[in-house]
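Secondary and tertiary structure notes
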Amino acid sequence: MRLLHTSDWHLGRSFHRVGMLGAQAEFIRHLVATAREREVDAVVVSGDVYDRAVPPLAAVELFDDALHRLARLGVPTVMISGNHDSARRLGVGAGLMGRAGIHLRTEPSACGTPVLLSDGHGEVAFYGLPYLEPALVRDEFAVERAGHEAVLTAAMDRVRADLAGRAPGTRSVVLAHAFVTGGEPSDSERDITVGGVASVPAGVFDGADYVALGHLHGCQTLTDRVRYSGSPLPYSFSETAHRKTVWLVDLAADGSVTAERVDCPVPRALARIRGTLEDLLADPALARHEEAWIEATLTDPVRPADPMARLTERFPHTLSLVFDPARTADDPGISYARRLAGRDDQQIAEDFVTHVRGGTGPDAHERTVLRDAFDAVRADETVREVAR
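First things first, this report covers the structure right here in the doc. What you see as residue numbers is a count from 1 along each chain, following the sequence as written. Given that the model is predicted, a residue must reach a pLDDT of at least 70 before its local features are reported, and side-chain atom pairs must reach 80 or more before they are shown or counted; all residues, however, enter totals for whole chains, interfaces and linings. To obtain the side-chain values, all non-hydrogen atoms of the structure were used and water was disregarded.

Here the term cavity refers to a set of points on a 1 Å grid, laid over the protein atoms alone, in which a 1.4 Å probe fits but cannot get out; the term pocket refers to an open set having protein on both sides within 12 Å along at least five of seven lines, with lining residues being those that place an atom within 4 Å of a point. Grid points are joined across faces, edges and corners, and a volume is the space filled by probe spheres set on the points. If you walk through the whole model with that rule in mind, you get one cavity of 30 Å³ or more. Empty space within the largest cavity amounts to approximately 60 Å³. Along its surface, the largest cavity is lined by Y131, L132, H148, L152, H177, A178, F179, I192, A198 and V200. Of the residues that constitute the lining of the largest cavity, the class distribution is eight nonpolar, two polar and no charged. Nonpolar residues are Ala, Val, Leu, Ile, Met, Phe, Trp, Tyr, Cys and Pro. Charged residues are Asp, Glu, Lys and Arg, and all others, Gly as well, are polar.

Pairing between two strands is assigned when DSSP locates at least 2 bridges connecting them. Counting from the N terminus, the helices are DSSP H or I runs at least four residues long and the strands are E runs at least two residues long. Strand order in the open sheet formed by six strands is β7-β8-β9-β10-β12-β11, and the pairing between neighbours is mixed. Among the strands making up the open sheet, the edge pair consists of β7 (115-119) and β11 (220-223). In this sheet, adjacent strand axes meet at a mean angle of 20° when their direction is disregarded. As paired strands, strand β8 (residues 122-129) and strand β9 (residues 171-177) are joined by six bridges and run parallel to one another. Across the sheet, the residue bridging to Y127 is V174, located in β9. Contact definition: two residues touch when any of their heavy atoms are within 4.5 Å. Note on definitions: angles span 0 to 180 degrees between N-to-C directions of axes, and those axes are lines fitted to C-alpha atoms, for helices only across the stretch in contact. Against the sheet, helix α6 (residues 148-164) contacts β8 and β9, and its axis sits at roughly 160° relative to β8.

It is worth spelling out the packing of aromatic side chains at this point. Each aromatic pair joins two rings of Phe, Tyr and Trp (for Trp, the six-membered one) with centres within 6.5 Å, and gets the label stacked for planes under 30 degrees apart, edge-to-face for over 60, and tilted for any other angle. Under the counting rule described, the total for this entry stands at four aromatic pairs. On the numbers, 5.1 Å between centres and 55° between planes, the contact of F15 with F237 is tilted. Within this pair, whereas F15 is found in strand β2 (residues 14-15), its partner F237 is found in the loop between β12 (226-228) and β13 (245-251), the two being separated by 222 residues in sequence. No difference in accessibility class separates F15 from F237, as the two residues are buried. Their ring planes at 65° and their centres at 5.4 Å tell us that Y50 and F63 sit as a pair that is edge-to-face. Each residue's exposure class comes from its accessible area (1.4 Å probe, protein chains only) as a fraction of the maximum for that residue type: buried when under 20%, exposed when over 50%, partly exposed otherwise.

Turning next to the pairing of strand β10 (residues 210-214). By the criterion of burial, β10 is predominantly enclosed, with five of the five residues buried. Of the two faces of β10, both are covered, the one formed by Y210, A212 and G214 as well as the one formed by V211 and L213. Bridge count between β9 and β10: five bridges; the pairing is parallel. Looking across to β10, one finds that A176 is bridged to L213. Sheet analysis places β10 next to β12, joined by three bridges and oriented parallel. By the bridge assignment, V211 is partnered in β12 with V226.

Structure follows, in structure tokens:
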């Protein structure tokens, strides 16, 4: 059976104020054309269809167009909700869509109920594990302490139990939206840390023939059977080195996997350039970036006059301007933002406690209290967003 694995469309998202809806529509056309031309048997979409729980109307219309195109193609599609989606909104009409071959899996309680598709070698069971917010699904999975590994393990236990009751030789595909250990994140993914832990080991998915992951925006192979497709378009300059693709996966009769990357159409190259303003304007080696979307980091010791206007004369698609004059970390002139760069909320809060106590940091109990407070706020924000 041949699968086309994609995820993280983020319909409705922009790139540094540049609207991406046209590029997203072009990707949908490319996806459908690839499925037709490469004779795909099933399309899997591993979450973050939308960029937020209440997407703009134009994004909803594009999603509707995507569903119609896929349904007309006659290729079954299995789709789960991600941490950016409202599972309840995305799942509206799932029963009716299923009759058209579009199978939406957004309910945690249905993790062990597969979509069954067949080829010449028998059945393939597709299990959809939507994003499982630990604080919201702990009761469903009867776990003592809410955490990503605990709820995903419980969900996979249901998958393995269902698979064990099926005919010998039944192959399995698991769709999941999670941060799996070994994956490389970028700046454009929303933090899903719980209890100080964001990732889960790949071994959680043992027993599945192929695991189609979503959440991280770079295409990655964790094992031959566990892969991220990545986002089809860039959503931050941290993705400058990404090659945006989807996976074309062949699942053999014995459950073995071979996979090929298929490039996605990207509207414009990305480039990060760094140096003094005069060097950036004069360096002939930068000519290859003149039509790219640019993030420029200026290292001038004193901020030059009209830097954006001057940069856009040579690089008309400059979208981000960063000032980073060469200074030591203890320089009093260094910006607050730069001092905090790379530090998460927990670390910043602990630093604050250390500062106000005159050098004495929080003890283990206090660190746990801070961590629980951050987890509670994040879970509450998730509930509020979904309820809007």
